[in-house]
Amino acid sequence: MNESIHAACTWCYEGVWSMLTNWFRVPRQPPTLPVADDTVVTSFRPSDNYLRYLKLFFWIGCVAVDIGLAILWIVIAVASPLVGVLITPLMLFVMIVPDIVAYVAIHLKFDTMWYVLSDRSMRIRRGIWVIHETTITFENIQNVRLTQGPIERYFGFANLVVETAGGGASAEGQSHGQPHQGIMVGLANASELRDCIMDKARQSQSAGLGDDRHDSGKKCMATGFTDVDVALLAEIRNQIVQLPLQNATGN
Amino acid sequence: MPETQNDSAFDATKITRPAPVLLTYYVLVSVPSLFLALPLLWFRFLTLRYTFDHEGVSMRWGLLFRKEILLTYRRIQDIHLTRNLVQRWFGLATVGIQTASGSAGPEMSIEGILEAEPLRDFLYQQMRGARGEPELPNDASGKPVSLGHGTNTTELLREIRDHLARINRLPEDQQ
């Protein structure tokens, strides 16, 4: 019984998906990054715990709204039983349908989030109605922020914000299209990813402000000789000093 | 060059004007404002021109109040590709390019391009840090010099020492 319900739900969800991809042109494929042949591209979604986190808030909101509506309904029914009976279908509709829509929307939100990383850059896709894709190269990264709230910590994921140069008034409330930053929410291995991204950002010796890579010549290449190296050099010097002597005796 | 990885038919330098379907999109967009915005958007569509060269991209528009934006590919900080529902139906998209300036919105929003994704990938390839490692200095014969790290240097020196020692020993062996 439970399995057939699950199968039916999956079937309905697939139907919604095919409607979105066919009519609303939501891309079916995860985003790609153009790379050289030998480099690997990893693409992944937020962790499953992020979905559970979203659902927790869904259930809290759902229960709160439905209790409010139920109280309203009871008040109306007590005041005038006839009106109470008449609005029963409407009340049930308002209590149930938005919840189903919201539940499906949570799944869709999760399924349309993609993070793609290559060795040089990252691409983030999100959104259902307005699909937003952000591309940032690691060389342009200025800083990486890791944020985690108490509930997020309980679920074991964190959010990573990658920022590039330039600022401006950050438009509050407009969480998707923030300029100069890429937001990766719901990462199970956020700290590893942060280290990985920071490593790649550190390899760049420029300021990350679009300056030429010729400016950042490797000036310190010859330094960094250890004592062992110096000893070896001394030995080489001695060998070279001996060279003409040996040749002279050989002749 | 990396451009060859893209769709070979796509050539960004051929783009000069937005696709005509952008005008249809503008008509739809101006419906909520009872078509009040349409004249302005119409002039924008008529005068919008793009220039993609090998150094950078420029766009200009306007009839009375003219605007022109120029930027070089190297200064691009991040690229945003945004497509809303109506744009997706028309195959349009907005490619937002941000430089390190202080403005909150994108410095340049390229609209009305039907090949938005190849264009985005073209810009990405031109962007700083998207292409290969910086070239190493060339030696006399024109080959790139391989610069080893600390351990390799020691290894190299040890090899030189051994070679010299063998040369020194050679006359003795012959005797």
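Residues numbered from 1 in each chain as written. Chains lettered and ligands numbered in written order. Predicted model: local features only at pLDDT ≥ 70, side-chain atom pairs only at ≥ 80, totals over all residues. Heavy atoms only, no water.

Caption draft 1: Spotlight on the overall build of chain B. Along the backbone of chain B there are 5 helices and 6 strands. In chain B, once contacts between residues fewer than 6 apart in sequence are set aside, the share between residues at least 24 apart is 46%. As displayed, chain B has an accessible area near 9900 Å², and 60% of this comes from carbon and sulfur atoms. (Helix = DSSP H or I, 4+ residues; strand = E, 2+ residues; numbered from the N terminus. Contact = heavy atoms within 4.5 Å. Areas by Shrake-Rupley, 256 points an atom, 1.4 Å probe, with all protein chains shown as cover.)

Caption draft 2: Main features of unusual backbone geometry. Residue and element names in this part refer to chain B. Here the phi dihedral of Leu34 falls at roughly 55°; this positive angle occurs in a residue that is not glycine. In this structure, Leu34 sits in the loop between helix H1 (21-29) and helix H2 (38-47). Of note, the phi angle at Phe35 is positive, near 65°, even though the residue is not glycine. Here Phe35 is to be found in the loop between H1 and H2. Judged by its relative accessible area of 42%, Phe35 is partly exposed. (Buried < 20%, exposed > 50% of the residue type's maximum accessible area, 1.4 Å probe, protein only.)

Caption draft 3: Quick look at the sheet that holds strand E1 (residues 49-52) of chain B. Residues and elements named next belong to chain B. Strands sit in the order E1-E2-E3 across an open sheet of 3 strands; the sheet is antiparallel. The strands lining the two open edges of the sheet, one partner per strand, are E1 and strand E3 (67-72). Direction aside, neighbouring strands of the sheet carry axes that sit 10° apart on average. When E1 meets strand E2 (residues 56-61), the two strands line up antiparallel, connected through 4 bridges. Considered in E2, the bridge of Arg49 is made with Arg60. (Pairing = 2+ DSSP bridges. Axes fitted to C-alpha atoms, helices over the stretch in contact; angles between N-to-C directions.)

Caption draft 4: Structural detail: the pairing of strand E2 (residues 114-117) of chain A. All names here are of chain A. Residue alternation in E2 divides its side chains into two sets, Trp114 and Val116 and Tyr115 and Leu117, and both sets are buried. Looking at chain direction, strand E1 (residues 42-44) and E2 are connected through 3 bridges and run antiparallel. Directly across from Ser43, in E2, lies its bridge partner Val116. As defined by bridge partners, E2 adjoins strand E3 (residues 121-126) across 4 bridges and the pair is classed as antiparallel. Pairing of Val116 across the sheet is with Arg123, part of E3.

Caption draft 5: A look at the side chain of Ser118 of chain A. With respect to the helices, strands and loops of the structure, Ser118 of chain A is situated in the loop between E2 and E3. When its relative accessible area of 3% is taken as the criterion, Ser118 of chain A is described as buried. Leaving out residues up to four positions away in the same chain, Ser118 of chain A has contacts with Leu33, Val35, Val40, Val41, Phe138 and Lys200 of chain A together with Tyr124 of chain B.

Caption draft 6: Expanded view of the packing of helix H2 (residues 48-79) of chain A against helix H4 (residues 88-111) of chain A. Residue and element names in this part refer to chain A. Two numbers describe how H2 lies on H4: the axes approach to 10 Å, and their chain directions differ by 170°. On the basis of their axis angle, the class for H2 and H4 is roughly antiparallel. The residue inventory of the contact of H2 with H4, partitioned by class, reads 17 nonpolar, 2 polar and 5 charged. (Parallel < 35°, antiparallel > 145°, perpendicular 65-115°, else oblique. Nonpolar A, V, L, I, M, F, W, Y, C, P; charged D, E, K, R; others polar.)

Caption draft 7: Quick peek at the packing of H1 of chain B against H2 of chain B. Residue and element names in this part refer to chain B. Packing of H1 against H2 brings their axes to within 9 Å, and their N-to-C directions diverge by 165°. By the angle between their directions, the pair H1 and H2 is classed as roughly antiparallel. For the pair H1 and H2, the crossing hand works out as right-handed. Of the residues in H2, those in contact with Leu22, Leu23, Tyr26, Val27 and Val29 of H1 are Leu38, Leu41, Trp42, Arg44 and Phe45. Class assignment for the residues of the contact of H1 with H2 results in 9 nonpolar, no polar and 1 charged. (Left-handed = near helix turned anticlockwise from the far one by under 90°.)

Caption draft 8: Spatial organisation of a nonpolar patch on the surface. A cluster of nonpolar side chains, contributed by Leu90, Leu92, Phe93, Val94, Ile96, Val97, Ile100 and Val101 of chain A, occupies part of the molecular surface with about 700 Å² of accessible area. For Ile100 of chain A, the location among the structural elements is in helix H4. (Patch = residues over 30% accessible without salt bridge, like charges linked within 9 Å, V, L, I, M, F, W, Y side chains within 5 Å. Salt bridge = Lys/Arg side-chain N within 4 Å of Asp/Glu carboxyl O.)

Caption draft 9: The arrangement of the pattern of salt bridges in detail. Summed over the entire model, instances satisfying the criterion amount to 14 salt bridges over all chains. The shortest N-O distance in the salt bridge between Glu163 of chain A and Arg145 of chain A comes to 2.9 Å. Here the residue Glu163 of chain A occupies a position in strand E6 (residues 158-164), and Arg145 of chain A occupies one in strand E5 (residues 141-147), the gap between them amounting to 18 residues. Two residues, Arg83 of chain B and Glu117 of chain B, come together in a salt bridge whose shortest N-O distance is 3.3 Å. Here Arg83 of chain B, found in strand E4 (residues 78-83), pairs with Glu117 of chain B, found in helix H4 (residues 116-126); they are 34 residues apart in sequence, far enough to count as distant. Taking relative accessible area as the criterion, Arg83 of chain B reaches 16% and is therefore assigned buried. In this structure Glu117 of chain B comes out as partly exposed when scored by relative accessible area, which is 34%.

Caption draft 10: Representation of the pairing of E3 of chain A within the structure. Residue and element names in this part refer to chain A. Where burial is concerned, most of E3 is hidden: 6 out of the 6 residues are buried. Burial along E3 is two-sided: the face carrying Ser121, Arg123 and Arg125 and the face carrying Met122, Ile124 and Arg126 are both buried. In the sheet, E3 pairs with strand E4 (residues 131-137) via 6 bridges, with the strands oriented antiparallel. Paired with Met122 across the strands is Ile136, a residue of E4. Hairpin connection between E3 and E4: a loop of 4 residues separates the two successive antiparallel strands, and Gly127 in this loop has a positive phi of roughly 110°.

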